[in-house]
Amino acid sequence: MAIAATDVSKDRSQARQKRMIADHFDKLEHAKETGKKVVYTFVPGNLTELIDALGMLPVLPEINALQSGMRKKSAEYIAEAEKAGHSEDVCTYVKCDIGMLKSGNVSPTGTRLPPPDLLLLSYTGCFTFMKWFELLKQEYNCPVVMLHVPYQADGMITDEMRRYIVDQLEQVVIPAMEQVAGKKLDMQELEKRLALSAKAEDDLVAVWESARHRPSPIDGYFGGVYYIGPIFSAFRGTEDAVHYYRELREEVTARMATGEGPTTPDGPTTNEKFRIVVEGPPNWTHFYDFWRMFSREGATVVASTYTRVGGLYDLGFRHDSRRPLETLADYCLGCYTNMNLPSRIDLIEQYIKRYDADGFLINSVKSCNSFSVGQLLVLRELEKRTGVPGGFVESDLVDPRYFGKANIDNRLQSYFQMLEGKKRKGAQ
Amino acid sequence: MIRERLDPAAEVLARAEVLADDLEMRSVRAFKEANPTALVVGHMPIYAPRPLFEALGCLPVAIFGAGDQLDIIRGDSYFQSYICHIPRSTIELGLSGRLESVDAMVFPSICDVIRNLGGMWKLLFPDRLSIYLDLPQNFDSAIGGRFYAGELRRIARELEKKGAKPLQAEALLLAIADENRRRELITELDALRREDPSRVRASEAYTVVRAGAALTARAHADLLDEFVTAAKQRHVRHFDNVRVVLCGSFCEQPPLALIRSLEKAGCDIVDDDFQLGWRMIESAIEVRDGEDPVDALARAYIEQGRPTASRYIADEIKGADLARRVRRLPADGVIFAAASFCDPALLDQPMLEAALRQQNIPFTSFKFAENTGQFQVIREQAGAFSDAVKLWGANV
Ligand code: SF4
Ligand code: SF4
């Protein structure tokens, strides 16, 4: 669910991220020669530290799908999957991934992806993940191991939930991973990685918090998806990620000191007019068009829920190396889409207040029931509770057929005009 | 009267129709009046542990949305256009006051729609209890089974706090026995339909099973018994129809008229996953000597749960169960009928189709919504399928 660095900015951190990703895909391309085992798994609630500690390499199909969207390949992949009998009604990430597989499994960076040695099906906050790997299981002749993560239906994590996950990790998931890896898990290695994760998480939270400053030095949605790239994907628990987030934090702090706004597709901004909170994933096929609809109006996203799908570190969670399996359980349980609707509303309300937002916008994504079901109620509740106006647009993740550019642009323009009017009235 | 003389099952069927169509929840209100302190527990598809609710002195009520009987006015304003229909009509039922007598609603973990609907219920009806039932996807009794038994006990505690009777082992044993009798009669009904689909049409079986939505297991079993006994006495005319299995309608239900249209198009539906919850546990729930009946209820789900889209299938090819079912019945082909935008059913379908293709089992597919009013296209499609199967069998 996160994206990789492109050349939007020339920051040091961005260059590092690009290098990290290129190295990773290089390792994947040569995995068979080097004997490295390859694990396909998902972003929310991923077990990266565990995969890494066992010397395996993760592939994240969601990231491939969104990258395909950004690189304008998704339409053909989706068509390929629909031709093969997949319904037009279902999540387009799945179809994009299957279409990519059927077209040769060439990664977004152009390298060929190795087939998985293991499908690690841990699904946090979305049932489609289960179906996705059932589908992939039919394509690959490899073992699948399931980690079922219970849902925070009452807005909290209970001991029973934690125990259920730890039981599965101990008795099912780790043994299956060890068998594929061909070695035993070294607990110390895992603990070391968990400690590195916590360091990077501290710095990421500082980056999110910087958006409280005026003007915000970051865009917490469009820019934010770059920031979550390493930590939500293959790099959490690595020295690389620690360096990346340290550098990023320094860059953001420097921008804050000089009063600089975030970098956008059209360069750095300084004219922050509106501070917005966004709920829902972005559209990837028209990512920059969508971003420009905001940046052109001087709208900066100060916080977003999408950037919390792979961990809610700003609510205080940190990977804790002293209780390795329990901490993995808490991590899986705590991702944004694993929170019930009332908790999601509480969180967005908190963001609106904490980041002093002028408005909030919901991008309702056709593909994603996990996010989208209930969003119209989210809109009403938030307006009622905060008095802050909400906007609502509809699009899709990677299916360009569902991004009505003119329609979304019109809606956003009217929305920003309304915010402008409200501001003027407030000033009078 | 004439109808009854001609058909010994007509009277019980008519009663079942009234119960199955009871959108105003008259029978539930009557239950409330007779048992003012008892709770009514509504539950969404697919499966909920009804014996647990009965043991707590509650009346379980299966909620399947509003079908094609209700204009959706408020429900639509809560959902985007690309989401299935059942949450809209369920919200409509709630906001229109039709579920006023339902004290608690249970939302089983089958998909993101039902899951989020549970959260919406908490916000829209704060004075009622909204319970999420987290069904395990780990099917080891010591892991998933223990977690699920814990879930059942948690739910019992929540209902007790709301006024249900405390959970007693004896009461649960009785409720399980009642459930087993109901299950046995549904099995008998299914066998009757399978052996002679002209004797019991799928639409009739559907109605008689659906009639149990707001009945105790005992009352439902009595009704089923009456119907089965009467159906056995029917004089039947046989038609040259094809035998099909219908698959994909485990949650949102097609309108009854659609099922009848398929029958009119020459398809004998000899097996289906309509209202799958009643058949989710594949045989009797067995309580072992010395076993806590809560654990037995959990174990039945773990060990005897029927494969369906919302249940992870770890150790065999997806669709193998469906193909086996077709062979065993036997049936001539499969009709996939999924609700539009139903992620679990529609994501499952290509895998099931592949399994059928591999075994040369013909199939066709369409989508529906619970309030679909036009069946002409579906009827023509089913008719063409049935003709083709008759003509060419597996080579369709
Ligand atoms: S439904 Fe949503 S959360 Fe689930 S895989 Fe698709 S995009 Fe991701
Ligand atoms: S019809 Fe399908 S998507 Fe809709 S609530 Fe039921 S299972 Fe979920």
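Residues numbered from 1 in each chain as written. Chains lettered and ligands numbered in written order. Predicted model: local features only at pLDDT ≥ 70, side-chain atom pairs only at ≥ 80, totals over all residues. Heavy atoms only, no water.

## Digging into the interface of chain A and chain B
Part 1 of the argument: Contacts between the two partners involve 58 residues from chain A, matched on the other side by 51 residues from chain B.
Part 2 of the argument: Both faces considered, chain A and chain B share a buried interface measuring about 4600 Å² in area, 59% of it formed by carbon and sulfur atoms.
Part 3 of the argument: Counting across the interface, chain A meets chain B through six salt bridges.
Part 4 of the argument: One salt bridge in this structure joins Asp167(A) and Arg146(B), with 2.4 Å as the shortest N-O distance.
Part 5 of the argument: Counting residues per element, the side of chain A that touches chain B draws most heavily on helix H8 (residues 159–181) of chain A, which supplies eight residues. (Contact = heavy atoms within 4.5 Å. Buried area = accessible area lost by both parts, 1.4 Å probe. Salt bridge = Lys/Arg side-chain N within 4 Å of Asp/Glu carboxyl O. Helix = DSSP H or I, 4+ residues; strand = E, 2+ residues; numbered from the N terminus.)

## A short note on helix H3 (residues 26–34) of chain B
Residue and element names in this part refer to chain B.
Part 1 of the argument: Listing the buried residues of H3 in full gives Val28, Phe31 and Lys32. Projected onto a plane normal to the axis of H3, the buried residues spread over an arc of 100 degrees and lie on a single side. Residues of H3 that are exposed and point more than 90 degrees away from the buried face comprise Arg26, Glu33 and Ala34.
Part 2 of the argument: The inward-facing, buried residues of H3 contact strand E1 (40–43) and strand E2 (59–62). (Buried < 20%, exposed > 50% of the residue type's maximum accessible area, 1.4 Å probe, protein only. Arc of directions from axis to C-beta.)

## So, the packing of aromatic side chains
Part 1 of the argument: A full pass over the atoms with the stated rule returns 39 aromatic pairs over all chains.
Part 2 of the argument: Relative to Phe416(A), the ring of Tyr415(A) lies with its centre 5.7 Å away and its plane at 55 degrees, an arrangement referred to as tilted.
Part 3 of the argument: With relative accessibility at 6%, the residue Tyr415(A) sits in the buried group.
Part 4 of the argument: The interplanar angle of 45 degrees and the centroid separation of 4.4 Å between the aromatic rings of Trp121(B) and Phe125(B) together place this pair among those described as tilted.
Part 5 of the argument: Residue placement shows Arg236(A) over the ring face of Tyr331(A); its charged tip is 4.4 Å from the ring centre.
Part 6 of the argument: Seen from the ring of Tyr301(B), Arg311(B) lies directly overhead, with NZ or CZ sitting 4.9 Å from the centre. (Phe/Tyr/Trp six-rings, centres within 6.5 Å; stacked < 30°, edge-to-face > 60°. Lys NZ or Arg CZ within 6 Å of the ring centre and 35° of its normal.)

## Digging into the side chain of Glu158(B)
Part 1 of the argument: By secondary structure assignment, the location of Glu158(B) is in helix H7 (residues 141–162).
Part 2 of the argument: A polar atom in the side chain of Glu158(B) sits 2.6 Å from the side chain of Arg154(B). (Polar contact = N/O pair within 3.5 Å; in protein donor to acceptor, adjacent residues only side chain to side chain.)

## Thoughts on the confidence of the model for chain A
Part 1 of the argument: Within chain A, residue pLDDT values average 95, and 98% of them lie at 70 or more.
Part 2 of the argument: The low-confidence segment residues 1–9 of chain A (pLDDT under 50) makes 46 contacts with residues lying over four places distant or belonging to another chain. (pLDDT = per-residue confidence, 0-100.)

## Some details on empty space enclosed by the protein
Residues and elements named next belong to chain B.
Part 1 of the argument: This structure, assessed with the given rule, holds 12 cavities of 30 Å³ or more.
Part 2 of the argument: Taken as a whole, the largest cavity encloses approximately 310 Å³ of empty space.
Part 3 of the argument: Lining the largest cavity are 28 residues, and of these Cys247, Pro307, Thr308, Leu322 and Leu352 sit closest to its centre.
Part 4 of the argument: Sorting the residues of the lining of the largest cavity by element identifies strand E5 (242–247), helix H13 (320–328), strand E7 (333–339) and helix H14 (343–358) as the ones contributing at least two each.
Part 5 of the argument: Residue classes in the lining of the largest cavity are distributed as 15 nonpolar, four polar and nine charged. (1 Å grid on protein atoms, 1.4 Å probe; cavity = no way out; pocket = protein on both sides within 12 Å on 5 of 7 lines; lining within 4 Å. Points joined across faces, edges and corners; volume = space filled by probe spheres on them. Nonpolar A, V, L, I, M, F, W, Y, C, P; charged D, E, K, R; others polar.)

## What to know about the pairing of E5(B)
Residue and element names in this part refer to chain B.
Part 1 of the argument: Counting buried positions along E5 gives six out of six residues, so the element sits mostly inside the fold.
Part 2 of the argument: Burial along E5 is two-sided: the residues Val242, Val244 and Leu246 and Arg243, Val245 and Cys247 are all buried.
Part 3 of the argument: Summarising the sheet, E5 and strand E6 (residues 267–271) pair through four bridges and their orientation is parallel. When the bridges of E6 are listed, Val244 appears paired with Ile269.
Part 4 of the argument: In the classification by handedness, the crossover that spans E5, the intervening helix H11 (residues 256–264) and the parallel E6 is right-handed. (Pairing = 2+ DSSP bridges. Right-handed = clockwise from strand over helix to strand, strands pointing away.)

## Section: the side chain of Ser233(A)
All names here are of chain A.
Part 1 of the argument: Locating Ser233 in the fold gives a position in the loop between helix H10 (224–232) and helix H11 (239–258).
Part 2 of the argument: What makes Ser233 buried here is its relative accessible area of 7%.
Part 3 of the argument: Residue contacts for Ser233: discarding those within four places in its chain leaves Asn46, Thr48, Leu60 and Ile63.

## Focus: the site of ligand 2
Residue and element names in this part refer to chain B.
Part 1 of the argument: In the region of ligand 2, the neighbouring residues are Cys84, Ile86, Ile110, Cys111, Val113, Ile114, Cys251, Glu252, Phe341, Cys342, Asp343 and Pro344.
Part 2 of the argument: Listed by contribution, the elements that provide at least two residues to the shell around ligand 2 are helix H6 (112–124) and H14.
Part 3 of the argument: Here the residues of the shell around ligand 2 are counted per class, giving 10 nonpolar, no polar and two charged. (Near = heavy atom within 4 Å.)

## A look at unusual backbone geometry
Part 1 of the argument: Of note, the bond from Pro45(B) into Ile46(B) is cis; its omega dihedral lies within 30 degrees of zero at 10 degrees.
Part 2 of the argument: Along the chain, Ile46(B) turns up in the loop between E1 and helix H4 (50–55).
Part 3 of the argument: Look at the link from Leu329(B) to Pro330(B): it is a cis peptide, with omega at -10 degrees.
Part 4 of the argument: Assignment of secondary structure puts Pro330(B) in the loop between H13 and E7.
Part 5 of the argument: Positive phi is not limited to glycine here, since Asn105(A) has a value of about 55 degrees.
Part 6 of the argument: Here Asn105(A) lies in the loop between helix H6 (92–102) and strand E3 (118–123).
Part 7 of the argument: Among the residues examined, Asn105(A) registers a relative accessible area of 8% and is labelled buried.

## Points about the nonpolar core
Part 1 of the argument: Grouped together as the largest cluster of nonpolar side chains are 252 residues, with contacts concentrated most on Phe294(A) and Leu159(B).
Part 2 of the argument: Sequence-distant contacts of Phe294(A), defined by excluding residues within four places in its chain, comprise Phe222(A), Ile276(A), Val278(A), Ala299(A), Val301(A), Leu361(A), Leu412(A) and Phe416(A).
Part 3 of the argument: One finds Ala9(B), Ala211(B), Ala230(B) and Trp278(B) within the second-largest nonpolar core, a separate group that totals 24 residues. (Core = buried A, V, L, I, M, F, W, Y, C linked by side-chain atoms within 4.5 Å.)

## Quick look at the sheet that holds strand E8 (residues 299–304) of chain A
Residues and elements named next belong to chain A.
Part 1 of the argument: Spatially, the four strands line up as an open sheet ordered E8-E7-E9-E10, and their pairing is parallel. Each edge of the open sheet is held by one strand with a lone partner, namely E8 and strand E10 (390–395). Averaged over all adjacent pairs, the angle separating strand axes in this sheet is 30 degrees, with direction ignored.
Part 2 of the argument: Direction of pairing for strand E7 (residues 274–279) relative to strand E9 (residues 359–365): parallel, over a ladder of four bridges. The residue of E9 that forms the bridge with Val278 is Leu361.
Part 3 of the argument: Of the strands in this sheet, E7, E8 and E9 touch helix H14 (residues 341–354), which is tilted by about 165 degrees from E7. (Axes fitted to C-alpha atoms, helices over the stretch in contact; angles between N-to-C directions.)

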